[in-house]
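Now for the letters of each chain:
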Amino acid sequence: MIEKREKIIEKKAIYNLNELNPDRKEIINLYPEILNCQGCNTCTLSCPQDINVMDYISNALIGNIAEVAEKSFNCIMCGLCADKCPAKITPYNIGLLCRRLFGRYLLPKANHLGRRISEIKEGHFDIKIKELKKMEKTELSRLYNERDIEA
Amino acid sequence: MYPFELKESILRVEITREKRLKEDFKHSDLDKKNLLREYHPNFIDGKMRPLLIGPNRGDKAPNELADLLEGNSCINPEMIDLERVDYNVDVLILGGGSAGASAAISAKENGVNVLLATKSRFIESDTMDFQGGIQAAVKPNDSPYIHYLDTVGGGCFVNDPDLVEALVYDAPFMIQWLESLGVMFDKGPDGEFQTEFGEGTSRKRVHNARNRIGLEVMRILCDEVYNRGILVLEYSPAIELIMDDKGQAAGAILINLESMKEITIVRAKAVVLATGGDGQLHYQGFPCIDHYGATADGLVMAYRAGVKLLLLDALQYFPTCIVYPEQMIGKPIDEKFRKFGAKLVNKKGEQFVYHLEHPDILTSAIIKECKNNNGLKTPNQLEGVWLDTPMIEIVQGRGSIQREFPNIYMEFKTFGIDITKEPILVSPSYYFNNGGIKIDSQGSTNIPNLYAAGKISGGIHGRYMLRDNLLLDSLVFGLRAGKNAAIKAKETSQGKLTLDHIRKWQNDLKNNGLVHRPISPILIPDYSKYGKLIRSDWNRYYRFELRKEEKFHRTSPIDVKIIEDLLKQILTLSTPPVARARLLSRRGISVDNKLDILDNIIGSKTCLGCGNCNDICPVIAREPDRRQRTEERTSMALETILVGPDECDRCYACILVCPQVDITIKQYVVNNFMVEAMSKLGARIDEEKDLDLDLFIEECLLY
């Protein structure tokens, strides 16, 4: 069991997400065996999550990363698809790579997150939280019960 | 399908539903204090006892945990040779959940040598089926101040202020970190996070990723650990910590879970404990959906080494968890069900408690109802009451259950239960132990060089944990513990390894007359004792999430120019190219092109199994014996016949002869590859003098 697992891990490409571009070439560079897909569809039939594995693999071949991320989202990384693949592809690793590329590069970035982080770094909330930390239980409980709740 | 003995009660619930719709239930004479004291599992006499030995002597702990904490060590210190070290690393991380993985990443980032050891496969953990989200005060109307207030208010104001401060300050950084790792958060088109209300939050601050944030985070952390080249030992739980003669933590003894014999000794300058919770101890026989490795191993090991624990009696129960069908025992049914109008009903069809009370009150009320013989017994001899889900359909309108709770609906449907028409049988289950190892805001314990993070630590959540702070807690203190362990490992000087703390512990046990205690840590839960509470297929509920047919239309045919470089790569491979050429045909690669020779061959590019490619292949013609390898005549059979490297002649005849490959691809091959291929073949025939060209053609004609 352990040996088998190690063999599968060996197939995982090692990469640094910061140095990748979200396009097809990266996927084929990291996982060249994806070109060997024979279209037998065994991966889809073996999936316990009812994911259309061959579908997302074919999307990965064309470089349609957003589609792969969408379709492979429920993957639990059990590795059954890789076990059954006659072309020795590890679809779950390819799905994971595409999801990470999608989450990192293709989803739009939020502005308010950066603002809040700089606020914390500048120490905007330090005084108020220090007060809270020193507060007695009765005072805290009064504040807690009086807090307003967003509509 | 509910068994026959429950059907009668369902009928009664249906009859009284009309009446319940009209009345507004108010429990004016509810004595909350007495209810809790009498029926809440934390206050039942005889179920908790003071510890008799160790740093927390006198503190109350649940019986099952206390027995293990006072247990005998499973090793004999005299038999172990600490000189024979198998791994010598800077930081050792015990546990492979979200806390362990993030500790490993941050330790590695600080430039030390890291080893991560975990009990089962490295990805299996409680995080994988975590149901909540991540709280972080990032919206303009929100602030860490309000997050702090919500957290301490939920935790009955006994939270450690330093830890909560760290939690609320680090939360936005965690979101940023996860975003940079590629977590697919729910976002609007302009990038704004789509946040929701969580348990006990006063702002919409719970971040999620399609209700599967735990799964998404764990997958990515696991990938990142491998990417950074961190050594991972799977199926090797720790059974005892190793100390050095200066009283610092200095490694651990691991055991091979499969043979249960071989021992691995790891020497490390700093140790991070992230071994997780204790749900599989099944306190008082309550069900729990924790991972089956959650047997409090870390607490036991640390307690023996002299680590201080706290709040061990602050157990948390979830009031509405599934009791029937037994495959789903212990799965929490979200508070959202009750907010949408589902009420709690007993055997006779009467509502017995206001359905939006505090969870602890609900827990006590349900247990009281079962004790007073108003509950229902399943064939498994477990007791529960009804959660009247059809009320949601009436109050919110038809189809609202399917829209809001698709996964729960689908799961029940596979067991023949339609929750839009029939209620759910629920009862409380064990959820979380708020207690654990006492840590400071840097993740360190009272033993030098020993750090703790995740479910094993205590004090962050006070006496009641808000669900959406749980994963956040693991990440925040995982990162902090990993970083500080790495810094400490660089400057520490290690003494001689020793197991004296075990000898001392065994002596203490003997002196206190506690020799006849179980051997701990137990590593694997006792299935014979709690057999009825173990979900036989505890991972299955992922699979019902998306059953709807996924169909996509790519109407415009793909131009060869778009796939030209892809085709080039495929055609230079050493295997027969026909299957890929077929897959690329007509609408580009799609499922319609799969190997499917039985049905649906008209109008799509499936392999017909006509065998033309097999017949035309010159390699098979040369060596007819190859045919005996398989009887099939599909494009895949061709690939199994020509398996070795460079066996394919690359004459591309198979592509030209396949009826399912697009004419554009064939034209491309003829224009760009054919001349080259033919000249190559011709050169080869010239070279191989003993090859008889006439025989070659004869064979081709024969087959």
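So, how was this worked out
Residues numbered from 1 in each chain as written. Chains lettered and ligands numbered in written order. Predicted model: local features only at pLDDT ≥ 70, side-chain atom pairs only at ≥ 80, totals over all residues. Heavy atoms only, no water. 1 Å grid on protein atoms, 1.4 Å probe; cavity = no way out; pocket = protein on both sides within 12 Å on 5 of 7 lines; lining within 4 Å. Points joined across faces, edges and corners; volume = space filled by probe spheres on them. Helix = DSSP H or I, 4+ residues; strand = E, 2+ residues; numbered from the N terminus. Domains from an automatic or database assignment. Salt bridge = Lys/Arg side-chain N within 4 Å of Asp/Glu carboxyl O. Buried < 20%, exposed > 50% of the residue type's maximum accessible area, 1.4 Å probe, protein only. Pairing = 2+ DSSP bridges. Contact = heavy atoms within 4.5 Å. Buried area = accessible area lost by both parts, 1.4 Å probe. Polar contact = N/O pair within 3.5 Å; in protein donor to acceptor, adjacent residues only side chain to side chain. Nonpolar A, V, L, I, M, F, W, Y, C, P; charged D, E, K, R; others polar.

Attention now goes to the layout of surface pockets. A volume near 1300 Å³ is recorded for the second largest pocket. Around the second largest pocket, the lining comprises 41 residues; the ones closest to its centre are B:G154, B:C156, B:H358, B:D360 and B:Y464. At the level of elements, α10 (137-146) of chain A together with α2 (32-39), α5 (144-154), β13 (315-322), α9 (335-339) and α10 (359-371) of chain B are the ones that each hand at least two residues to the lining of the second largest pocket.

Moving on, we get to the domain arrangement of chain A. Looking at the assigned domains, one finds that chain A contains domain 1 (2-106) and domain 2 (111-145). If you average the C-alpha positions of domain 1 of chain A and of domain 2 of chain A, the two centres end up 43 Å apart.

Summed over the entire model, instances satisfying the criterion amount to 51 salt bridges over all chains. Between A:K133 and B:E165 there is a salt bridge, with the nearest N and O atoms lying 2.7 Å from each other. With A:K133 in helix α9 (residues 126-134) and B:E165 in helix α6 (residues 161-181), this residue pair bridges two chains. Of the residues examined, B:E165 reaches a relative accessible area of 19% and is grouped as buried. With a closest N to O distance of 3.2 Å, B:R517 and B:E70 form a salt bridge. Taken together, the residues span a long stretch of sequence, with B:R517 in the loop between α15 (500-511) and β22 (519-520) and B:E70 in the loop between α3 (63-69) and β3 (72-73) at a distance of 447 residues. For B:E70, a relative accessible area of 0% gives the class buried. Among the charged side chains, a network of salt bridges with common partners joins A:K12, A:R100, B:E109, B:D223, B:E224 and B:R228.

A few words on empty space enclosed by the protein. All names here are of chain B. Following the criterion strictly, the structure yields 10 cavities of 30 Å³ or more and no others. A volume near 730 Å³ is recorded for the largest cavity. S125, D126, T275, G276 and G277 are the residues nearest the centre of the largest cavity, which is lined by 49 residues in total. Every element with two or more residues in the lining of the largest cavity is listed here: α4 (98-109), α8 (297-305), β17 (424-433) and α14 (470-491). No other element matches the 4 residues that β17 contributes to the lining of the largest cavity.

Residue and element names in this part refer to chain B. Here 3 strands make up an open sheet; going across it, the order is β12-β18-β20 and the pairing mixed. Every other strand in the sheet has two partners, leaving β12 (309-310) and β20 (457-458) as the edge strands with one partner each. Here β12 runs beside strand β18 (residues 436-438); their pairing, made up of 2 bridges, is antiparallel. Bridge pairing in β18 links L310 to G436.

Often, the extent of an interface is quoted as the loss of accessible area on bringing the components together. Taken residue by residue, the interface counts 89 residues in chain B and 72 residues in chain A. In this assembly, chain B packs against chain A so that about 7600 Å² is buried in total across both faces, 59% of it on carbon and sulfur atoms. The largest per-residue losses of area from chain B upon contact with chain A belong to B:Y145, B:F157 and B:R219, which jointly make up 9% of the total buried on that side. The interface formed by chain B and chain A includes 9 salt bridges. Between A:R100 and B:D223 there is a salt bridge, and its shortest N-O distance comes to 2.7 Å. Our count for the contact surface shared by chain B and chain A stands at 29 residue pairs in polar contact (both at pLDDT 80 or more). Every element with two or more residues in the side of chain B that touches chain A is listed here: α5, α6, α7 (213-227), α17 (564-571), α18 (578-583) and α21 (635-641) of chain B. Considering every element that reaches the side of chain B that touches chain A, the biggest residue donor is α6(B), with 12 residues. A per-class count over the side of chain B that touches chain A returns 43 nonpolar, 16 polar and 30 charged.

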